[in-house]
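Here is what each chain is made of, one letter per residue.
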Amino acid sequence: MPLDIVIGAQWGDEGKGRIVDVLARDAQIVARYNGGDNAGHTVTVGPQTFRLHLIPSGVINPDTKVVLGGGMVINPETLLQEMETLGAMGVDISPKRVRISYAAHVITPAHKALDRVQEAARGKVSLGTTLRGIGPAYVDKVARRGLRLRDMLDADTFAEAVRAHVQNTNEILTQLYKSEPLPAETISKTFRDYARRLQPYIDDISSLVADSLAKDQKVLAEGAQGTLLDLEHGTYPYVTSSIPTVAGAICGLGVGVGAVRRVVGVTKAFQTRVGAGPFPTELNGSTAMALRGTGENPWDEFGTTTGRPRRVGWLDAVLLRYAVQVNGFTELALTKLDILSGLQPVCICIGYRRGGEVFNKLPFGLANLESLEPVYKQLTGWKDDIRSVRRLKDLPDQALEYIEHIETLSGVPIRMVSVGPEREQIIIDESTQ
Ligand code: GDP
Ligand code: IMO
Ligand code: MG
């Protein structure tokens, strides 16, 4: 009964989508378990580029069923748009294939408006959210007043609940934030229509996954965001409002922990972050520009959802070890190794310094990262273009040394090394299986 889980080991955008695309080949179900359309997973298959926000990346594999789990928050407007785009690209998005948990929560324009005014009110200490209404939707969930996909099964009652929710939010928007009210009646009507269109997709995901696992079929859980953005274990308060780490998969899909087989941590060969918050190894200047790119290539470090330039820096092995601790990764997938080609030297953060003291483990948890100065291990870089390499042993010695250092520092084997965004640009190390 294997459940394999793919999780971001950093601050998101590690390349989870394309790792899922590869691992989905023999999966019966690929299931997203957390977050919403704050996610942007880009998968390149030949001439086609898929930019996914809510639908799991497994959708590109025609034999796989895709599932949106109960731990998610779903904006019906973007979901229906994404379905339309995928449909136009020839992807089957029929209710036979796409199933959505009745327990997932609904994002409305009121949540988006709250996200906007709350970020603006934070001023200089804003979190840099994606403004998709993610936080406010999870707040409603925890406050036990959220709207769920299940409520859509009766479109009229749902529309009435949406109207009341927008009216209530209008009180907050106008009185607390001195902002314009939203048109409750229009939104309510639109959401009645969304409900009718999404009804055929709503399902009991926990049972669907359990049935599949009972038949010994492979289920693949696709994380969004990453460990350091986790509400419980990330760089709070600069986090998202869901649980991208391993427990989020168990909880967000409603599956027993005994089913878990592989827990794949996806890490870039360097570190990136979009939005505010501590980032000990952050770089500026020419190395940063080399890591980020200019925006010319689809893989350059600019947000898929917001287009914002991502902050970049050297790989942080202290944070990677922390991600291993929190998730229990059984293996790592290393992405974007090709981007390091030509850099001299390449560095890995192996510890932190504060005053005269050096730590190789997080000293006081993630909250105090700001005051720490990174301690680097410098390694010799490589000049060769590695994008056409297909076997580990054909990588330059210096690249292999870099990989070995990450394995030693994290204590976890690297089973996949990616040297470009295409499917065939993933080198799978079968010897570690
Ligand atoms: P996700 O959110 O974790 O799925 O990652 P994103 O899709 O937001 O960001 C990763 C970006 O890097 C995408 O544009 C991928 O196509 C691209 N990418 C993934 N792996 C590699 C790689 O090994 N090399 C290069 N050059 N690009 C990659
Ligand atoms: P994928 O799935 C990178 C960041 C935002 C912000 C913080 C909170 O593509 O890896 P939110 O809108 O969630 O309340 O914003 O989290 N963030 C991401 N950063 N990749 C993501 O998703 C992200 N989803 C949210 O930039 O700092
Ligand atoms: Mg992304």
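Treat the numbers as computed from the prediction; the structure is a model and nothing was measured.

## Looking at the overall build of the chain
Reasoning step 1: Broken down by element type, the chain carries eleven helices and 20 strands.
Reasoning step 2: A principal-axis box enclosing the C-alpha atoms of the chain has dimensions of 65 × 50 × 40 Å.
Reasoning step 3: Put simply, the chain has 433 residues, and 56% of those count as buried.
Reasoning step 4: Across the chain, the fraction of contacts at a sequence separation of at least 24, relative to all contacts at a separation of at least 6, is 75%.

## A look at the site of ligand 1
Reasoning step 1: The local shell around ligand 1 holds 21 residues, among which Lys16, Gly40, Thr42, Asp338 and Ser418 are the closest.
Reasoning step 2: A distance of 2.8 Å separates an oxygen atom of ligand 1 from a polar atom in the backbone of Gly15.
Reasoning step 3: One nitrogen or oxygen atom from the main chain of Lys336 is found 2.8 Å from an oxygen atom belonging to ligand 1.
Reasoning step 4: Contact with the protein chains removes 98% of the 580 Å² of surface that ligand 1 exposes when unbound.
Reasoning step 5: Breaking the shell around ligand 1 down by element, the ones donating at least two residues are helix H1 (16–23) and strand E3 (41–45).
Reasoning step 6: Tallying contributions element by element places H1 first for the shell around ligand 1, with three residues.
Reasoning step 7: Here the residues of the shell around ligand 1 are counted per class, giving five nonpolar, nine polar and seven charged.

## Details of the site of ligand 2
Reasoning step 1: For ligand 2, the set of nearby residues contains 20 residues, the closest of which are Asp13, Lys16, His41, Thr130 and Thr240.
Reasoning step 2: One of the backbone nitrogen or oxygen atoms of Gly40 is found 3.0 Å away from an oxygen atom of ligand 2.
Reasoning step 3: About the coverage of ligand 2: the protein hides 98% of its 550 Å² of free accessible area.
Reasoning step 4: For the shell around ligand 2, the per-class residue count stands at seven nonpolar, ten polar and three charged.

## Section: helix H2 (residues 76–88)
Reasoning step 1: With 13 residues, H2 extends 18 Å between its outermost C-alpha atoms, agreeing within 8% with the 18 Å of an ideal straight helix rising 1.5 Å per residue.
Reasoning step 2: Along H2, the positions that sit buried rather than exposed are Pro76, Thr78, Leu79, Leu80, Glu82, Met83 and Leu86.
Reasoning step 3: Check the buried side of H2 and you find it contacts strand E4 (48–52), strand E5 (65–68), strand E6 (73–74), strand E7 (98–101), strand E8 (105–106) and helix H6 (184–198).
Reasoning step 4: Two to three positions downstream of the cap, the backbone nitrogen of Glu77 sits 2.9 Å from a side-chain oxygen, assigning the N-cap of H2 to Asn75.

## Focus: the packing of aromatic side chains
Reasoning step 1: Following the criterion strictly, the structure yields four aromatic pairs and no others.
Reasoning step 2: With a centroid separation of 5.1 Å and an interplanar angle of 50 degrees, the aromatic rings of Trp11 and Phe279 are classed as tilted. Remark: Phe279 occurs in the loop between strand E12 (271–273) and helix H9 (286–292) and Trp11 occurs in the loop between strand E1 (3–8) and H1; sequence separation between them is 268 residues. The burial state of Trp11 is the same as that of Phe279; both residues are buried.
Reasoning step 3: Consider the rings of Phe158 and Phe191, whose centres lie 6.4 Å apart with planes at 35 degrees: the pair is tilted.

## A word on unusual backbone geometry
Reasoning step 1: Cis peptide bonds are those with omega within 30 degrees of zero, and the linkage from Tyr236 to Pro237 qualifies with 5 degrees.
Reasoning step 2: Tracing the sequence through the fold places Pro237 in the loop between strand E10 (219–222) and helix H8 (246–253).
Reasoning step 3: In this model, Gln344 is joined to Pro345 through a cis peptide bond whose omega is -10 degrees.
Reasoning step 4: Positioned with a positive phi, Arg144 is a non-glycine residue whose angle comes to about 60 degrees.

## Quick notes on the nonpolar core
Reasoning step 1: Grouped together as the largest cluster of nonpolar side chains are 58 residues, with contacts concentrated most on Phe329, Leu337, Leu340, Leu395, Tyr402 and Ile406.
Reasoning step 2: With five residues, helix H11 (residues 397–410) is the largest single contributor of residues to this core.
Reasoning step 3: If sequence neighbours within four positions are ignored, Phe329 has contacts with Ile7, Ala9, Thr227, Val263, Val264, Gly265, Ala323, Val324 and Val412.
Reasoning step 4: By size, the runner-up hydrophobic cluster in this structure holds 43 residues, among which are Met72, Ile74, Ile100 and Phe191.

## Structural notes on the coordination of the magnesium ion (ligand 3)
Reasoning step 1: Donor atoms from the polypeptide that bind the magnesium ion (ligand 3) are Asp13 (OD) and Gly40 (O), placed at 2.0 to 2.2 Å. With Asp13 in the loop between E1 and H1 and Gly40 in the loop between strand E2 (29–32) and E3, this residue pair connects regions lying 27 residues apart in the sequence.
Reasoning step 2: Taking relative accessible area as the criterion, Asp13 reaches 23% and is therefore assigned partly exposed.
Reasoning step 3: With a relative accessible area of 12%, Gly40 lands in the buried category.

## A short note on the pattern of salt bridges
Reasoning step 1: Throughout the structure, instances matching the rule amount to 22 salt bridges.
Reasoning step 2: Of the charged contacts in the structure, one is a salt bridge between Arg163 and Glu185, with a shortest N-O distance of 3.9 Å. You can see Arg163 sitting in helix H5 (residues 155–176) and its partner Glu185 sitting in helix H6, a full 22 residues away along the chain.
Reasoning step 3: If you follow the salt bridges from partner to partner, you end up with Asp13, Lys268, Glu301, Arg310 and Lys336 in one network.

## Description of the packing of helix H3 (residues 109–122) against helix H4 (residues 134–142)
Reasoning step 1: Remark: H3 packs on H4, axes separated minimally by 7 Å, with the N-to-C direction vectors making an angle of 115 degrees. Regarding H3 and H4, the two cross each other, and that crossing is right-handed. Contacts from His111, Leu114, Asp115 and Gln118 in H3 reach Ile134, Pro136, Ala137 and Asp140 in H4.
Reasoning step 2: Of the residues that constitute the contact of H3 with H4, the class distribution is four nonpolar, two polar and two charged.

What counts and how
- Residues numbered from 1 in each chain as written.
- Chains lettered and ligands numbered in written order.
- Predicted model: local features only at pLDDT ≥ 70, side-chain atom pairs only at ≥ 80, totals over all residues.
- Heavy atoms only, no water.
- Helix = DSSP H or I, 4+ residues; strand = E, 2+ residues; numbered from the N terminus.
- Buried < 20%, exposed > 50% of the residue type's maximum accessible area, 1.4 Å probe, protein only.
- Contact = heavy atoms within 4.5 Å.
- Near = heavy atom within 4 Å.
- Polar contact = N/O pair within 3.5 Å; in protein donor to acceptor, adjacent residues only side chain to side chain.
- Areas by Shrake-Rupley, 256 points an atom, 1.4 Å probe, with all protein chains shown as cover.
- Nonpolar A, V, L, I, M, F, W, Y, C, P; charged D, E, K, R; others polar.
- Expected span 1.5 Å × (residues − 1).
- Phe/Tyr/Trp six-rings, centres within 6.5 Å; stacked < 30°, edge-to-face > 60°.
- Core = buried A, V, L, I, M, F, W, Y, C linked by side-chain atoms within 4.5 Å.
- Donors = N, O, S within 2.8 Å, 3.2 Å for Na, K, Ca; no water.
- Salt bridge = Lys/Arg side-chain N within 4 Å of Asp/Glu carboxyl O.
- Axes fitted to C-alpha atoms, helices over the stretch in contact; angles between N-to-C directions.
- Left-handed = near helix turned anticlockwise from the far one by under 90°.

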